[in-house]
Amino acid sequence: MKIGIMTRHFVRQSLAETLDAIISHDIFHVQFNLTSAHVKESLDHEIDLLGNQVSQQIAKRKMSVSALSGEINMVHPDLALRQAEISHLQHLISSCKTFGTSIIATCTGSRSTESMWKYHLDNETEESWQVLIATLEKLLPVAEKHGVILAFEPEVNNVANTISKSLRLIEEMKSPNLKIVMDAANIFGKGELPQMSEILDQAFELLGDHIALAHAKDLDRDGDAGHLAAGTGLLDYERYVSLLCSLPFDVPVILHGLDEDQVDGCVSMLNRLARAN
């Protein structure tokens, strides 16, 4: 198991200080957030240069970028805003490999205008599904051209809000460049926690072959959950790690949703469970 963390959890004055803070916790894999490079994400014309600068700093420390953060609201109801986000992600895809990775972690989004992570009733409609399909039809050809994986997260507040819908999306798009970010804290709809073991097993049975990346955080309830540091909530981490270790490849497991003073405890917990498997 390759344990990593999102770089945005370490707020420092420079990229070098951020990376040094991460490796002080014996973590050498990251999901890189553009904000950690202290530039505006809207500066698409500078992404290539930025990627080269980041990859040099990463290599200098013998670290690796497991994925680049590229979350956009793929179904935003405002067409102009949605197109602007699509354009940004297209630029990011084309420059992804300059950061030293071929994976972009993203999400399917929500029809909410407040946040891509906020549930909206219209997420369940066929119209929203078709908007999502249309967005991916603009993104996946670019990803295929550049050899980049777009990995989306099944998430209860998004359009792809269940395991079955996520599998449907992969099957409908028929692209080898569309894969999954597995985050077990995000897959339990309201009232589903009593079936945790069955749902976890089903998630890996149906989506295991499509997983490109995993996230590690925890939850305090099902449905629209509050997120906690890995191992401090209700998620069965023994089963989750066992399922991750059963995959036929060494998946990067990225911590997030935690404070800096919780990092060492979370790393220790994941290492202990991984050794047991």
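Residues numbered from 1 in each chain as written. Predicted model: local features only at pLDDT ≥ 70, side-chain atom pairs only at ≥ 80, totals over all residues. Heavy atoms only, no water.

(A) Structural view of the nonpolar core. Judged by nonpolar contacts, the single largest core of 87 residues is most densely connected at Tyr237 and Leu255. Counting residues per element, this core draws most heavily on helix H4 (residues 126-146), at nine residues. When sequence neighbours within four positions are dropped, the list of residues in contact with leucine 255 reads Ile3, Gly4, Ile5, Met6, His9, Ala216, Ala230, Cys266, Val267 and Leu270. (Core = buried A, V, L, I, M, F, W, Y, C linked by side-chain atoms within 4.5 Å. Buried < 20%, exposed > 50% of the residue type's maximum accessible area, 1.4 Å probe, protein only. Helix = DSSP H or I, 4+ residues; strand = E, 2+ residues; numbered from the N terminus. Contact = heavy atoms within 4.5 Å.)

(B) Just the environment of glutamate 205, in detail. Its place among the elements puts glutamate 205 in helix H6 (residues 196-207). Assessed through its relative accessible area of 66%, glutamate 205 is described here as exposed.

(C) Region of interest: the pattern of salt bridges. According to the stated counting rule, one finds 10 salt bridges in the structure shown. Among the ionic pairs, lysine 217 bridges to glutamate 153, the shortest N-O distance being 4.0 Å. Within this pair, whereas lysine 217 is found in the loop between strand S7 (211-216) and strand S8 (218-219), its partner glutamate 153 is found in the loop between strand S5 (149-152) and helix H5 (163-173), the two being separated by 64 residues in sequence. A single burial state applies to lysine 217 and to glutamate 153, both of which are buried. Across the pair arginine 239 and aspartate 201 runs a salt bridge whose closest N-O atoms are separated by 2.9 Å. Of the two residues, arginine 239 sits in helix H7 (residues 237-245) while aspartate 201 sits in helix H6, which places them 38 residues apart along the sequence. Taking relative accessible area as the criterion, aspartate 201 reaches 29% and is therefore assigned partly exposed. (Salt bridge = Lys/Arg side-chain N within 4 Å of Asp/Glu carboxyl O.)

(D) Focus on the side chain of arginine 82. Assignment of secondary structure puts arginine 82 in helix H3 (residues 79-95). As a buried residue without a salt bridge, arginine 82 has its nearest oppositely charged side chain in aspartate 78, at a separation of 7.2 Å. If near-sequence neighbours (up to four positions away) are discounted, arginine 82 is found in contact with Asn73, Met74, Val75, His76, Pro77, Arg111, Val131 and Thr135. (Lys, Arg positive; Asp, Glu negative; His and termini not counted.)

(E) View of helix H8 (residues 263-276). Over its 14 residues, H8 extends 20 Å from the first C-alpha to the last, a length consistent with the 20 Å expected when each residue adds 1.5 Å. If you check which residues of H8 are buried, you get Val263, Cys266, Val267, Met269, Leu270, Leu273 and Ala274. The arc enclosing the buried residues of H8, seen along the axis, measures out at 160°, which places them on a common side. Those residues of H8 that are exposed and angled more than 90 degrees off the buried face are Arg275 and Ala276. (Expected span 1.5 Å × (residues − 1). Arc of directions from axis to C-beta.)

(F) Inspection of the sheet that holds strand S3 (residues 64-69) at higher detail. In spatial order, the strands read S1-S2-S3-S4-S5-S6-S7-S10; together these eight strands close into a barrel with parallel pairing. Strand-to-strand twist in this sheet, taken as the mean axis angle between neighbours without regard to direction, amounts to 30°. Pairing of S5 with strand S6 (residues 178-182), which is carried by three bridges, proceeds in the parallel orientation. When the sheet's bridge partners are listed, alanine 151 is paired in S6 with lysine 179. (Pairing = 2+ DSSP bridges. Axes fitted to C-alpha atoms, helices over the stretch in contact; angles between N-to-C directions.)

(G) Quick look at the pairing of S3. Burial analysis of S3 places five of its six residues in the buried class, the great majority of the element. For strand S2 (residues 29-32) and S3, the ladder comprises four bridges, and the chain directions are parallel. Bridge pairing in S3 links histidine 29 to serine 64. Here S3 pairs with strand S4 (residues 103-106) via two bridges, running parallel. Paired with serine 69 across the strands is alanine 105, a residue of S4.

Read these as geometric descriptors, not functional statements.
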